[in-house]
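A look at the structure
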Amino acid sequence: MKSLVCKQFGPIDDLLIEEGPIPVAGPNKVVINVKAASLNFPDALMVQGLYQIKPPTPFVPGAEYAGVVHAVGEGVTHIKPGDRVAAFTGYGGFAEYSVADATRVMPLPPSMSFEQGAAFVLTYATSYHALKDVANLQPGETLLVLGAAGGVGTTAIQLAKLMGATVIAAASSAEKLALCTSLGADHIVNYAAADWREQVNAIVGKKGVDVVYDAVGGAYAEPALRCVGWRGRYLVVGFAAGDIPKIPLNLALLKERQILGVYWGDSVAANPKGHLANMRQLGQWFEAGKIAPSITETVPLEGTVDALKRLSSRNAMGKIVVQL
Ligand SMILES: NC(=O)c1ccc[n+]([C@@H]2O[C@H](COP(=O)([O-])OP(=O)(O)OC[C@H]3O[C@@H](n4cnc5c(N)ncnc54)[C@H](OP(=O)(O)O)[C@@H]3O)[C@@H](O)[C@H]2O)c1
């Protein structure tokens, strides 16, 4: 079987496709014949050794994927060989076969394709946790999404609209903003323009923005925080721009703004029941046709390196999915 291997942390170009044996399912493990795996920004950081999780090398990147159960180990009862499943394991997905802890494997709803299943969990669960559990976003509030055409950004637009908010989507090109509009954004702002903060203020007026969803950081963070109104919330989701911003804390004091961290992975461990409830709601919205991953591109395993490079250099939109 083929897999994309990271032999040691370094440039994305160093990833290699290798042939190897199909893994065997140990106790409480599931071997999945992977049909699709999606790209997430953390995959690109992880292979470069820049992510908070550093797997022992060599390892196969690819945080989430979907496929057919090939074999189950002793103690696995909730799924069986032949079942369609999705898995979130943090890495291991860019391969024809992957081994997952049984607890990380869930049945794929019949109406969900392998590609959709591979592109669902990380982005939707992060954004729903951020908007519902951390920001307590209310109907009628205004949400500003930075990096709105990206993986998590596209889900933040869709979920905030379902939660009754008005969405201002910020991204760096007309093409990316067109995607945001197609997903339901009420307003769009190109933050490549020097006056982008004034554009946001023209939309929200003196009241300011109620919530900012920031998956980008860098030079956008401080102007975005300055857009937040009285007791508004600023969600720290990610730093796709590379730089971790240093924020003058007087901006929190003024207007009693709240700066709130979002870490979906640890929130699942801290509140597993809450996570399951969130996933149930997301599944129902998918079944009802209210949300669907914004898959803009599919590539073969051989195209993964190029796709990861485009993702990490701002040349991708929505979700890219590897088909195996
Ligand atoms: N906190 C959590 O629990 C959690 C969970 C999942 C992901 N994340 C983080 O969220 C961030 C976004 O992840 P994602 O998977 O949505 O990534 P993505 O699909 O690549 O989207 C990131 C967006 O950031 C913008 N961006 C600005 N400067 C960039 C640069 N120098 N390089 C690349 N992109 C840049 C891009 O849009 P424009 O060109 O329009 O600016 C891009 O669409 C990452 O930092 C990731 O680690 C956090």
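What to know about the pattern of salt bridges
- A complete count under the given rule lists 14 salt bridges for this structure.
- One salt bridge connects aspartate 13 with lysine 309, and the closest N-O pair in it is separated by 3.0 Å. Pair noted here: aspartate 13 is in the loop between strand E1 (2-5) and strand E2 (16-19) and lysine 309 is in helix H11 (residues 304-312), with a separation of 296 residues, a long-range link.
- On the accessibility criterion, lysine 309 (33% relative accessible area) is partly exposed.
- The salt bridge involving aspartate 83 is made with lysine 80; its shortest N-O contact spans 2.9 Å.
- You can call aspartate 83 buried: its relative accessible area is 18%.

So, the site of the ligand
- Inspection of the region around the ligand gives 24 residues, with Gly151, Ser172, Lys176, Tyr191 and Val262 positioned closest.
- In the model, an oxygen atom of the ligand is placed 3.1 Å from a nitrogen or oxygen of the phenylalanine 239 main chain.
- Between the ligand and the protein, one listed contact pairs an oxygen atom with a side-chain N or O atom of arginine 314 at 2.8 Å.
- Secondary structure elements with two or more residues in the shell around the ligand: helix H1 (41-47), helix H3 (121-134), helix H4 (151-162) and H11.

Some thoughts on the sheet that holds strand E13 (residues 258-261)
- Strand order in this open sheet of six strands is E10-E9-E8-E11-E12-E13, and the pairing throughout is parallel. Every interior strand has two partners, whereas the edge strands, strand E10 (187-190) and E13, have only one. Each adjacent strand pair in this sheet contributes to an overall mean axis angle of 20°, direction not counted.
- The strands touched by H3 are strand E8 (142-146), strand E11 (209-214), strand E12 (228-236) and E13; relative to E11, the strand with the most contacts, the crossing angle is about 150°.
- Of the strands in this sheet, strand E9 (166-171) and E10 touch helix H5 (residues 174-182), which is tilted by about 165° from E10.

Concerning the packing of aromatic side chains
- Scanning the model with the defined rule gives nine aromatic pairs in all.
- For the ring pair phenylalanine 120 and tyrosine 124, a centre distance of 4.7 Å and an interplane angle of 40° mean the geometry is tilted. The two residues phenylalanine 120 and tyrosine 124 agree in class, both being buried.
- Positioned above the aromatic ring of tyrosine 128, the side-chain terminus of lysine 132 is 5.5 Å from the ring centre.

Re the side chain of histidine 129
- Checked against the element boundaries, histidine 129 lands in helix H3.
- Assessed through its relative accessible area of 11%, histidine 129 is described here as buried.
- Of note is the side chain of histidine 129, whose polar atom sits 2.9 Å from the side chain of aspartate 133.

Describing H11
- Every buried residue of H11 is accounted for by Thr304, Val305, Ala307, Leu308 and Leu311. Mapping the buried residues of H11 onto a view down its axis gives an arc of 165°, with all of them on the same face.
- Considering only its buried residues, H11 is in contact with E1, H1, strand E14 (295-300) and strand E15 (319-323).
- Once H11 finishes, arginine 314 follows within two positions and takes phi at roughly 75°, a positive value.

Observations concerning the environment of proline 42
- Tracing the sequence through the fold places proline 42 in helix H1.
- Under the relative-accessibility criterion, proline 42 is labelled partly exposed at 21%.
- Residues proline 42 and glycine 90 lie 48 residues apart in sequence; the distance between their C-alpha atoms is 9.0 Å.

What about the layout of surface pockets?
- In this structure, the second largest pocket spans a volume of roughly 170 Å³.
- The wall of the second largest pocket is formed by Met1, Pro23, Val60, Thr89, Tyr91, Gly92, Ala95, Tyr97, Ser98 and Val99.
- Residue composition of the lining of the second largest pocket, by class: seven nonpolar, three polar and no charged.

Regarding the domain arrangement of the chain
- Looking at the assigned domains, one finds that the chain contains domain 1 (2-120 + 294-323) and domain 2 (122-265).
- Once you take the C-alpha centre of each, domain 1 and domain 2 turn out to be 29 Å apart.
- If you look at the interface, domain 1 gives 14 residues, while domain 2 gives 18 residues.
- Of the roughly 1,300 Å² buried between domain 1 and domain 2, counting both surfaces, carbon and sulfur atoms make up 58%.
- Interface area lost by domain 1 to domain 2 is led by Phe120, Arg314 and Met317, which between them contribute 42%.
- Inspection of the region where domain 1 meets domain 2 yields zero salt bridges.

Cut-offs used in this document
Residues numbered from 1 in each chain as written. Predicted model: local features only at pLDDT ≥ 70, side-chain atom pairs only at ≥ 80, totals over all residues. Heavy atoms only, no water. Salt bridge = Lys/Arg side-chain N within 4 Å of Asp/Glu carboxyl O. Helix = DSSP H or I, 4+ residues; strand = E, 2+ residues; numbered from the N terminus. Buried < 20%, exposed > 50% of the residue type's maximum accessible area, 1.4 Å probe, protein only. Near = heavy atom within 4 Å. Polar contact = N/O pair within 3.5 Å; in protein donor to acceptor, adjacent residues only side chain to side chain. Pairing = 2+ DSSP bridges. Axes fitted to C-alpha atoms, helices over the stretch in contact; angles between N-to-C directions. Contact = heavy atoms within 4.5 Å. Phe/Tyr/Trp six-rings, centres within 6.5 Å; stacked < 30°, edge-to-face > 60°. Lys NZ or Arg CZ within 6 Å of the ring centre and 35° of its normal. Arc of directions from axis to C-beta. 1 Å grid on protein atoms, 1.4 Å probe; cavity = no way out; pocket = protein on both sides within 12 Å on 5 of 7 lines; lining within 4 Å. Points joined across faces, edges and corners; volume = space filled by probe spheres on them. Nonpolar A, V, L, I, M, F, W, Y, C, P; charged D, E, K, R; others polar. Domains from an automatic or database assignment. Buried area = accessible area lost by both parts, 1.4 Å probe.

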